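Structural features, examined
Here's the letter readout for the chains.
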Amino acid sequence: MEGRNVNVMETINKTSWEIRNDIGIITLDNPPENYLVQPDFVHIETLRKWTSYDYLKGILICGAGKHFSGGGKLENLFRMIRDKENINETISKGKAVLEHLENLDIPVVAAIQGICFGGGLEVALASHIRICSENALFAFPEINQGVMPGLGGTLRCPGKAGFAKTIKLILSGDMINAEDAQEMNLVDFIVSKQKVFDYSFNLLQKLTKDRPLPVINAVMKALKNARLLSIEDAMKEETRMFCELALAEAKRRNGLQENQA
Amino acid sequence: MKIPECSTVQLVFDEDIGFLELNSPPSNTMTLEFFREFASLIEFMRDQQEFKALIISGHGRHFSAGADVPVLLKEILEKTETDKDGRLAGVPEFLSNNYKSLLMLESLNIPVISAIRGVCLGSALELALFSHFRLCGEEAVFGLPEASFNLVPGLGGIYKLCCISGQATALVRVLKGSTFTAEDALKYNIVDKIVPKKALMTSALAFAREVMQDFKVEKRRLYIKKYLS
């Protein structure tokens, strides 16, 4: 069966959404640098709605044009900091969006080219697979304004790069290139500039096209458990999910046999 | 000392080193009986004090092609409790025992080394992932093919692969379900060293002798750096 498409693109808050072949595409759509207008660059309710289609098999996040995202724009950041009453809530909303993406039961791939700074890098870190172009640049520039990454980057980055490298990246505010980013496990694949989107989209298709959703969901849940649970609990749960799928598969095979008989 | 008698897997000792060999040629398929016998041997190893290392390998040309899936499915269908809607109500004990024996393997306080030759697929790769070190011969073939027959690795393989190779590699390898080479396995940290096929057992043994003198599992990476790179 051909995958489903939702051709009508929806753009809210400088973030766009469409579905191609059962893959949802979120585009940070505020060119040229695709600054995030606010921490919740897509409202959580909107994101829940977008990701609620039960045939979706993967999500791709990319930036419009040459860049992934420059993160929060400085003047927005200052305005946000001055608004003391609401700053906590504003940041919590942004965190909720990234947590929602990270905890989805379908794979989320970030297709990164050009700049991937600050909040943009935090979006990428919440994805399950990061693919970047050879000209991509990464940084947490927050320190230059006397602040730090606020959307979970300080928590997600050590999980990939280790503490020492994370501290250096955040405290220096320095920019690193694609190769260095791969070396420190911030990105998983580097491809040529023209190919980032196609490569990422094709990988998602290849991984999910022939796989039933329950299998995809079980794999994603097992990976989530690896992040969150103790080894004993994670293994117990993995065996339970295996058993559930095996039961269904055994019944399916029995059914096939009976039909043949 | 009485080693439990087994037909699908053998445990023998050479001085203070144990050799556990998967033995249902040609592909050393892991049957229900294998999992029972394997568990009893690991339990036996846990209670021994005089042994200093354990080397796991497959009889003949292959490590193992993994679980006997049709039989496993049949057993699960028979043994699994379901609710009135036919949904899973409880995981059968024999299945839980399988992952528990891998946990027990990992918690042995002697170095556990998998020496992998030929194919190492599915549950066999999961078993190898729970040993402390993995050496493989050139041309060894790895894979977690479960997703291609509508299943997932179920013995903690996803968990372990995520810890060892990272989330992205685990996701790609498990969902793709295709096999990969020894070189890829090295790149993913799934194996610690590739050695010539014929030198596999001697390399594993030499490594065991080095590392068993003062084995502490938390120094794993240090030993790999010191003796295997």
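Residues numbered from 1 in each chain as written. Chains lettered and ligands numbered in written order. Predicted model: local features only at pLDDT ≥ 70, side-chain atom pairs only at ≥ 80, totals over all residues.

Our focus in this paragraph is the overall build of chain A. When you go through chain A residue by residue, the secondary structure sums to 10 helices and 10 strands. Taking 2.2 N^0.38 as the reference for a compact globule, 261 residues should give roughly 18 Å; the C-alpha atoms of chain A span a radius of gyration of 20 Å, in line with that estimate. On the principal axes, the C-alpha backbone points of chain A span a range of 75 × 45 × 40 Å. Each of the 261 residues in chain A was classed as buried or not, and the buried ones make up 46%. Restricting to contacts in chain A with at least 6 residues of sequence separation, those with at least 24 account for 70%. (Helix = DSSP H or I, 4+ residues; strand = E, 2+ residues; numbered from the N terminus. Rg over C-alpha atoms; globule rule 2.2 N^0.38 Å. Buried ≥ 20, exposed ≤ 12 C-beta atoms within 10 Å, placed from the backbone. Contact = placed C-beta atoms within 7 Å.)

Let's shift gears to the nonpolar core. With 148 residues, the main nonpolar core has Val219 of chain A together with Leu135, Val152 and Ile158 of chain B as its most contacted residues. When residues of this core are sorted by domain, at least three fall in each of domain 1 (6–208) and domain 2 (213–260) of chain A. Those residues in contact with Ile158 of chain B that lie beyond four places of it in its chain are Val219, Ala222, Leu223, Ala226 and Glu238 of chain A together with Val152, Pro153, Ala170 and Val174 of chain B. (Core = buried A, V, L, I, M, F, W, Y, C linked by C-beta atoms within 7 Å. Domains from an automatic or database assignment.)

With 35 residues of chain A at the contact, the number on the chain B side is 31 residues. Sorting elements by how many residues they give to the side of chain A that touches chain B places helix α10 (residues 231–260) of chain A first, with 18 residues. The class makeup of the residues in the side of chain A that touches chain B is 21 nonpolar, five polar and nine charged. (Nonpolar A, V, L, I, M, F, W, Y, C, P; charged D, E, K, R; others polar.)

Moving on, we come to the packing of helix α1 (residues 32–46) of chain B against helix α3 (residues 93–106) of chain B. Residues and elements named next belong to chain B. Here α1 crosses α3 at 35 degrees, and the two axes come no closer than 9 Å. Read as a crossing pair, α1 and α3 show a hand that is left-handed. Mapping the contact onto sequence places Leu32, Phe35, Phe38, Ala39, Ile42, Glu43 and Arg46 in α1 and Phe94, Asn97, Asn98, Ser101, Met104 and Leu105 in α3. Grouping the amino acids of the contact of α1 with α3 by side-chain chemistry returns eight nonpolar, three polar and two charged. (Axes fitted to C-alpha atoms, helices over the stretch in contact; angles between N-to-C directions. Left-handed = near helix turned anticlockwise from the far one by under 90°.)

Here we take up the sheet that holds strand β10 (residues 180–181) of chain B. All names here are of chain B. What the three strands build is an open sheet, ordered β7-β9-β10; its pairing is mixed. Each of the sheet's edge strands pairs with one partner strand only, and the pair in question is β7 (119–121) and β10. Where β7 and strand β9 (residues 141–143) come together, three bridges link them in parallel fashion. Pairing of Val119 across the sheet is with Val141, part of β9. (Pairing = 2+ DSSP bridges.)

In this section: the environment of Ile216 of chain A. Along the chain, Ile216 of chain A falls in helix α9 (residues 213–228). Not counting residues within four places of it along the chain, the set of residues in contact with Ile216 of chain A comprises Lys57, Ile106, Thr208 and Arg211 of chain A together with Leu175 of chain B.

Taking 1.5 Å of rise per residue, the 16 residues of α9 of chain A would be expected to cover 22 Å, and the 22 Å separating its terminal C-alpha atoms lies within 8% of that figure. Among all positions of α9 of chain A, only Val215, Ile216, Ala218, Val219, Met220, Ala222, Leu223, Asn225 and Ala226 of chain A are buried. Buried residues belonging to α9 of chain A abut α8 (196–208) and α10 of chain A together with α5 (157–165) and α6 (167–176) of chain B. (Expected span 1.5 Å × (residues − 1).)

Without other data, these values stay purely geometric and don't point to any function.
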